[in-house]
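# Summary of structural features
If you want the building blocks of each chain, they are given just below.
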Amino acid sequence: GGNSDLGDPVYSVAHGIVVLARDMRMAWGNLVIVRHTFIEDNQRKVVDSVYAHLEKITVKEGQQVVRGQQVGTIGNNRGMYRAHLHFEL
């Protein structure tokens, strides 16, 4: 509750490549996008994981990450929101 998780670590959900790691300003704030590639039905497929409103980014664009690797810390986008992680796949 409140901002009790401000600064807590945020981890990548799977192995991948960081395709974006920067301050997007506005509503997103510090944003990391990791691209994950996998095979399904003998076809190569791609899904991105999105981590937004971060207080700190701990990876760089082009960097390979593994599942469970820290990509940032939970933030509040310069006080626009209470501390939380905006996560999407």
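Residues numbered from 1 in each chain as written. Predicted model: local features only at pLDDT ≥ 70, side-chain atom pairs only at ≥ 80, totals over all residues. Heavy atoms only, no water.

### Focus on the packing of aromatic side chains
- A complete count under the given rule lists 1 aromatic pair for this structure.
- With 5.5 Å between their ring centres and 50° between their planes, Y51 and F87 make a pair best called tilted. Taken together, the residues Y51 in strand β4 (residues 43-57) and F87 in strand β7 (residues 86-88) connect sequence positions 36 residues apart.
- On the basis of relative accessibility, which here comes to 36%, the residue F87 falls in the partly exposed class. (Phe/Tyr/Trp six-rings, centres within 6.5 Å; stacked < 30°, edge-to-face > 60°. Helix = DSSP H or I, 4+ residues; strand = E, 2+ residues; numbered from the N terminus. Buried < 20%, exposed > 50% of the residue type's maximum accessible area, 1.4 Å probe, protein only.)

### Focus: the pairing of strand β2 (residues 16-23)
- Where β2 and strand β5 (residues 64-65) come together, 2 bridges link them in antiparallel fashion. In the sheet register, G16 faces β5, and the bridge partner there is V65.
- Note: β2 against strand β3 (residues 30-40), 6 bridges, orientation antiparallel. Its bridge partner being in β3, D23 is matched across the sheet by N30.
- Remark: 6 residues form the turn of the hairpin made by β2 and β3, two consecutive strands paired antiparallel; R25 in that turn has positive phi of roughly 60°. (Pairing = 2+ DSSP bridges.)

### Side note on the nonpolar core
- By size, the foremost hydrophobic cluster in this structure holds 12 residues: V10, V18, A21, V32, V34, Y51, L54, V59, V65, V71, I74 and A83.
- Taken together, the elements giving at least two residues each to this core come down to β2, β3, β4 and β6 (70-74).
- The residues contacting I74, other than those within four sequence positions of it, are D5, L6, G7, D8, V10, H53, E55, A83, H84 and L85.
- Residues L20, L31, V50 and A52 belong to the second largest nonpolar core, which totals 5 residues. (Core = buried A, V, L, I, M, F, W, Y, C linked by side-chain atoms within 4.5 Å. Contact = heavy atoms within 4.5 Å.)

### What about the pairing of β6?
- Extensive coverage of β6 is indicated by the burial of 4 of its 5 residues.
- Alignment of strand β1 (residues 9-11) against β6, held across 3 bridges, turns out to be antiparallel. Paired with P9 across the two strands is T73, which belongs to β6.
- Two strands pair when backbone bridges link them, and β4 and β6 are joined in this way by 3 bridges, in the antiparallel orientation. Considered in β6, the bridge of I57 is made with G72.

In short, the description is geometric, and any link to function would need to be established separately.
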